[in-house]
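Observations on the model geometry
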Amino acid sequence: MRLWVVSHTYIVDLNCDKLKAMAALAVDGGKPLDITVVVPRTWKPGGVVGGTIRPQGYDQGNFRVVPVGNLSQTHQGLLCFRAELVSLLRQHPPDVIQVEQGAKSLAYAQLIALNWLLKLGAKRVLFTWWNLPYGLRPPLLWLERYNLHHTDGAIAGNRDAAAILRQRGYRGPITVLPQLGVNEQQFCPRPQPEMAAALGLLPRDCPEEFTVGYIGRFVPEKGLRTLAEALAGLPELPWRWLLVGRGPLRAEVGARMQQAGLGDRLRWVESVPHADIPRYLNVMNALVLPSETTSYWKEQFGHVLIEAMACGVPVIGSDSGEIPHVIGDAGLVFPEGEVAALRDRLQSLMQRPALADDLAARGHQRAIAHFTNRVLAEKQLAFYDQVMIE
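Because the structure is a prediction, the values reported are computed rather than measured.

What counts, and where the lines are drawn
- Residues numbered from 1 in each chain as written.
- Predicted model: local features only at pLDDT ≥ 70, side-chain atom pairs only at ≥ 80, totals over all residues.
- Heavy atoms only, no water.
- Pairing = 2+ DSSP bridges.
- Helix = DSSP H or I, 4+ residues; strand = E, 2+ residues; numbered from the N terminus.
- Axes fitted to C-alpha atoms, helices over the stretch in contact; angles between N-to-C directions.
- Contact = heavy atoms within 4.5 Å.
- Core = buried A, V, L, I, M, F, W, Y, C linked by side-chain atoms within 4.5 Å.
- Buried < 20%, exposed > 50% of the residue type's maximum accessible area, 1.4 Å probe, protein only.
- Parallel < 35°, antiparallel > 145°, perpendicular 65-115°, else oblique.
- Left-handed = near helix turned anticlockwise from the far one by under 90°.
- Nonpolar A, V, L, I, M, F, W, Y, C, P; charged D, E, K, R; others polar.
- Phe/Tyr/Trp six-rings, centres within 6.5 Å; stacked < 30°, edge-to-face > 60°.
- Lys NZ or Arg CZ within 6 Å of the ring centre and 35° of its normal.
- Salt bridge = Lys/Arg side-chain N within 4 Å of Asp/Glu carboxyl O.

**Things to note about the sheet that holds strand S11 (residues 210–217)**
Taken in spatial order, the six strands make up an open sheet running S13-S12-S11-S14-S15-S16, and their pairing is parallel. Looking along the sheet, the strands with just one partner apiece sit at the ends: strand S13 (266–269) and strand S16 (332–334). Neighbour-to-neighbour, the strand axes of the sheet open up by a mean angle of 20 degrees, direction not taken into account. Here strand S12 (residues 239–246) runs beside S13; their pairing, made up of four bridges, is parallel. Considered in S13, the bridge of Val244 is made with Val269. Along the sheet, helix H7 (residues 224–232) makes contact with S11, S12, strand S14 (286–289) and S16, crossing S12 at roughly 165 degrees.

Structure below.
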């Protein structure tokens, strides 16, 4: 089978690990799979990453990444590609075209149209994270209808996204799979005493101190105010708070903890390369993702949760969006925005080492069983088999 995957997500090569696992599995199983990953030649991700990314293409035989000239360098839905895409389609004609820009994307409509014009006969698959209800007016309404009408299979990154696709009128096959898995060789339990010392922390196996971790954007919808208030109510316990990331709430959170007389317990780290995230996770006694739903956003997955679980770090998450389904019974969940409930979960982990050890073990088992790149690759290949026979 010849598979095309089109998305700005894969401008970062690390994000291609699941696709590479698919190619390897297909070869091992005697079912050759040729994968072409199409990415924009220039992309400006904004947010924490910032700057401009110009990915490098490469060809490994049955797996290649091809940067193609693009229109729009910042907007996922407006991304589409220049005329060189046509020659690439002729050079590597696909059996399946998967576009991972959502149901309303111009890139998906472009690939649907070229599939018809070039008489390729490829099956068309979309991927979407979008998990909040919405309304549309023309021409976006027409664009979405065109895309969904010409879709042979859909991959939703979470359960709510699958429900939204049904609400929007899609009736074809759907599977729920996250876009990216976790690399269990990179994200694994590994003591980091040197990192802890450099941060002014004790190693995580020391009972004299409990390191609470947060990794992500410092923005209101991530629930940092709730986590700050929860920790401020536990001054008698020996915790430290390690925050990895950046954003506009840094000053406010710092001021709140100073007001509570706890400012010296905070540790701030900015601009960490993704390859270094396991080192920071492995100094934490717990990872907290306290996301809070807004009118425009709900937690779509919470990838840092599976990275923490793979490292054997107990996790606490709110019940926003997909978080409870990611954690399952392998961590603690609290009602989003409820300070007392989060404080209770934190206190339980700090004062009950046996509970923390149990959740660490269960989290690691869950990450390996459900969220590695290999596991997700197997499930995605099985979905393609379903789509091909529909």
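**Looking at the nonpolar core**
Grouped together as the largest cluster of nonpolar side chains are 67 residues, with contacts concentrated most on Trp241, Leu287 and Leu346. Other than its neighbours up to four places away in sequence, Leu287 contacts Gly213, Tyr214, Ile215, Leu281, Val304, Leu305, Ala308, Val313, Pro314, Val315 and Ile316. Residues Tyr10, Ala23, Ile97 and Leu111 belong to the second largest nonpolar core, which totals 53 residues.

**Quick word on the packing of helix H3 (residues 106–117) against helix H4 (residues 140–149)**
Each pair of packed helices can be summarised by the angle the axes make with each other and by the distance between the axes. Contact geometry of H3 with H4 gives a least axis separation of 10 Å together with a crossing angle of 50 degrees. By the criterion of interaxial angle, the relationship of H3 to H4 is oblique. For the pair H3 and H4, the sense of crossing is left-handed. Listed contacts from H4 to Leu106, Tyr108, Ala109, Ile112 and Ala113 of H3 are Leu143, Tyr146 and Asn147. The residue inventory of the contact of H3 with H4, partitioned by class, reads seven nonpolar, one polar and no charged.

**Describing the packing of aromatic side chains**
This model, assessed by the stated rule, comprises six aromatic pairs. With centroids separated by 6.1 Å and ring planes inclined at 40 degrees, the aromatic side chains of Tyr214 and Phe218 adopt a geometry described as tilted. With a relative accessible area of 0%, Tyr214 lands in the buried category. Residue class for Phe218 comes out buried when judged on its relative accessible area of 1%. Between Phe218 and Trp268 the ring centres are 5.6 Å apart and the planes differ by 70 degrees, which places this aromatic pair in the edge-to-face class. Placement of the pair is Phe218 in the loop between S11 and H7 and Trp268 in strand S13, with a sequence separation of 50 residues. The partly exposed category is assigned to Trp268, whose relative accessible area is 26%. In this structure an aromatic cluster arises from ring pairing among Phe127, Trp129, Phe301 and Phe371. Above the plane of the ring of Trp130 lies Lys104, whose end atom (NZ or CZ) is 5.9 Å from the centre. Over the face of the ring belonging to Tyr134 we find Lys104, whose NZ or CZ atom lies 4.2 Å from the ring centre.

**A closer look at the pattern of salt bridges**
Under the definition given, this model contains 18 salt bridges. The residue Asp95 makes a salt bridge to Arg2 at a minimum N-O spacing of 3.2 Å. Of the two residues, Asp95 is situated in the loop between helix H2 (84–91) and strand S7 (96–99) and Arg2 in strand S1 (residues 2–6); the sequence distance between them amounts to 93 residues. A single salt-bridge network, built from bridges that share partners, covers Asp34, Asp59 and Arg64.

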